[in-house]
Amino acid sequence: MLNQEQQNNVVALCQKLIQSPSYSGHEDGVVARLKEFFEANGFDSVHVDKYGNVIGCIKGNRPGPRIQFDGHIDTVPVGDASQWDYDPFGAEIADGKIYGRGTSDMKGAVAAMACAAANYAKETNKDFAGEIYVAGVVHEECFEGVAAREISAYVKPDYVVIGEASQLNLKIGQRGRAEIVVETFGKPCHSANPEKGINAVYKMAKVIEAIRTLEPTHHPVLGDGILELTDIKSAPYPGASVVPEYCRATYDRRLLVNETKESVLAPINELLEKLMAEDPELKVKASYAVGKEMCHTGNEIEGERFFPGWLYDENDQFVQDVYKELKSMGYDPTITQYNFCTNGSHYAGEAGIKTFGLGPSRENLAHTINEYIEIDQLVKVTDCYMGVMKALLK
């Protein structure tokens, strides 16, 4: 367990990170504070890439595997701050908890990762085999795994630890997600003479009902590949006496392991082709949404919204190595899966890197009013991360 100085250090760093607001695209304040911490605490190098991810590295005295700790440093907005009992950027401590936006999602974990690496290097005098990387990742709330592609290309890790909330349990998989856009194209006319046009919304209504008949894919561990309508828009809007010529519906598709961009769209496209064959006036297509955001570095980040699912076996050697080490330290983690999407979509889902999740706090605190992290969880996960280093860097 951490000594009092180590406990104080991780609490202080967590507070500093919370006190720097870092909505997606504006993470530069947190990057500066992490860079300052890395440089003052024995890290061998610090790298900030084109997207603004910050990566600190500590090298052991002997060659060995590279382990990367991944924590995103962007947060969702606060909303109405007057509804909070504590300043969302004050990092106030009350009843053994630190309050503020990003405490659980996930600046607490980032602070723990940085402190654990510094502690481990100091306690071992860097006499370990391998390299430790701590990555503060940008734009995760917008793009799970897109900014992470730049990090893995730089680090080339053998193992990745995702720090999303897990209450100190081990997470060895997750469903991914995709945003699928379905578009119908009609013909505009005056709404006083609707027979002269083709109403794209009416066409979309038929398409939506047909899509609801599709059977979801299924995985025995991860569950269903859900396909759920999340929004619908027509154009022109407002209509102002015009029959809409365009309609766009967005679907949230939860992805299972081994599903590809092609396999996910195939049944939808087959259905749409059938509908168009039955209705010569129907023009419809499906594709993946594309997101584009500005980074705090001034560079753009862009990508299709397709973030794969992934799953490892609990008996895989690296999972058991970590599990046994944590048990020997007095922890009792369960091995399960995340219920939400993480940067693991890139590391495990795209790049095939051995990945697992281990984080402090509860996942249902993310994005909430009065978000907090328990100091006990923060301290314990710092200890656990040191255990992970011991288990894998040998």
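All values reported here derive from a predicted model rather than from experimental measurement.

About the criteria used
Sequence order as written defines residue numbering, which begins from 1 separately in each chain. With the structure being a predicted model, the display of local features is reserved for residues of pLDDT at least 70 and the display and counting of side-chain atom pairs for 80 or more, all residues being used for whole-chain, interface and lining totals. Here the side-chain values reflect all heavy atoms present in the structure, with hydrogen atoms and water set aside. With axes taken as lines fitted to C-alpha atoms, and helix axes fitted only over the stretch in contact, angles between N-to-C directions fall between 0 and 180 degrees. Helix numbers and strand numbers start at the N terminus; a helix is a DSSP run of H or I with at least 4 residues, a strand a run of E with at least 2. Note on angle classes: values under 35 degrees are labelled roughly parallel, values over 145 roughly antiparallel, values of 65 to 115 roughly perpendicular, and the remainder oblique. Put simply, a crossing is left-handed when the front helix is turned counterclockwise from the back one by less than a right angle, and right-handed when it is turned clockwise. Residues are treated as being in contact if the distance between any of their heavy atoms lies within 4.5 Å. Both cavities and pockets are sets of points on a 1 Å grid over the protein atoms alone; in a cavity a 1.4 Å probe fits but cannot get out, in a pocket the set is open with protein on both sides within 12 Å along at least five of seven lines, and lining residues sit with an atom within 4 Å of a point. Grid points are joined across faces, edges and corners, and a volume is the space filled by probe spheres set on the points. Gly is placed with the polar residues, together with every amino acid not listed as nonpolar (Ala, Val, Leu, Ile, Met, Phe, Trp, Tyr, Cys and Pro) or charged (Asp, Glu, Lys and Arg). Relative accessibility thresholds used throughout: buried, under 20% of the residue-type maximum; exposed, over 50%; partly exposed, between the two (1.4 Å probe, protein chains only). Only strands that DSSP links by at least two bridges are regarded as paired with each other. Salt bridges are defined by distance alone: a side-chain nitrogen of Lys or Arg within 4 Å of a carboxyl oxygen of Asp or Glu. We define a polar contact as two N or O atoms separated by no more than 3.5 Å, with the added condition that, inside protein, one atom must be a possible hydrogen donor and the other a possible acceptor, whereas residues neighbouring each other in sequence contribute only through side-chain atom pairs.

### Considering the packing of helix H1 (residues 4-18) against helix H9 (residues 375-392)
Where H1 contacts H9, the two axes come as close as 10 Å, and the packing angle between them is 115 degrees. As the angle between them shows, H1 and H9 are arranged roughly perpendicular. With respect to the hand of their crossing, H1 and H9 are arranged in right-handed fashion. In contact with Gln7, Val10, Val11 and Cys14 of H1, H9 contributes Ile375, Leu378, Val379 and Thr382.

### Notes on empty space enclosed by the protein
In the structure shown here, the tally under the stated rule is one cavity of 30 Å³ or more. In terms of residue count, strand E3 (residues 62-72) provides more of the lining of the largest cavity than any other element does, three residues in total. When its residues are assigned to classes, the lining of the largest cavity shows two nonpolar, four polar and three charged.

### Quick look at the pairing of strand E10 (residues 176-185)
Most of E10 sits inside the fold, with eight of its ten residues counted as buried. Note: E10 against strand E14 (residues 246-255), ten bridges, orientation antiparallel. For Thr184, the partnering residue across the bridge sits in E14 and is Cys247. Across two bridges, the pairing between E10 and strand E18 (residues 306-307) is antiparallel. Along E18, the bridge assignment pairs Arg177 with Phe307. Looking at chain direction, E10 and strand E15 (residues 284-288) are connected through five bridges and run antiparallel. Within E15, the residue paired with Ile180 across the bridge is Tyr288.

### Topic: the pattern of salt bridges
Inspection of the entire model under this criterion finds 20 salt bridges. The partner of Asp127 in a salt bridge is Arg62, with the nearest N and O atoms 3.3 Å apart. Of the two residues, Asp127 sits in the loop between helix H3 (103-124) and strand E6 (129-137) while Arg62 sits in strand E3, which places them 65 residues apart along the sequence. You can call Asp127 partly exposed: its relative accessible area is 46%. Here Glu179 ties to Arg177 by a salt bridge, and the two come within 3.1 Å at their closest N and O atoms. Classification of Arg177 as buried rests on a relative accessible area of 9%. One continuous salt-bridge network, built from bridges that share partners, spans Glu144, Arg177, Glu179 and Arg305.

### With respect to the side chain of Arg305
With respect to the helices and strands, Arg305 occurs in the loop between strand E17 (300-304) and E18. Only 2.6 Å separates the side chain of Arg305 from the backbone oxygen of Cys142, close enough to count as a polar contact. Apart from the residues lying within four places of it in its own chain, the contact partners of Arg305 are Cys142, Phe143, Arg177, Ala178, Glu179, Tyr288, Ala289, Gly291 and Glu293.

### Focus on the packing of H1 against helix H2 (residues 28-40)
When two helices pack together, their arrangement is given by the angle between their axes and by how far apart the axes lie. Relative to each other, H1 and H2 sit at 155 degrees, their axes nearing to 9 Å. Looking at the two axes, H1 sits roughly antiparallel to H2. Between H1 and H2 lies a crossing whose hand is right-handed. Listed contacts from H2 to Leu13, Lys16 and Leu17 of H1 are Val30, Arg33, Leu34, Glu36 and Phe37.

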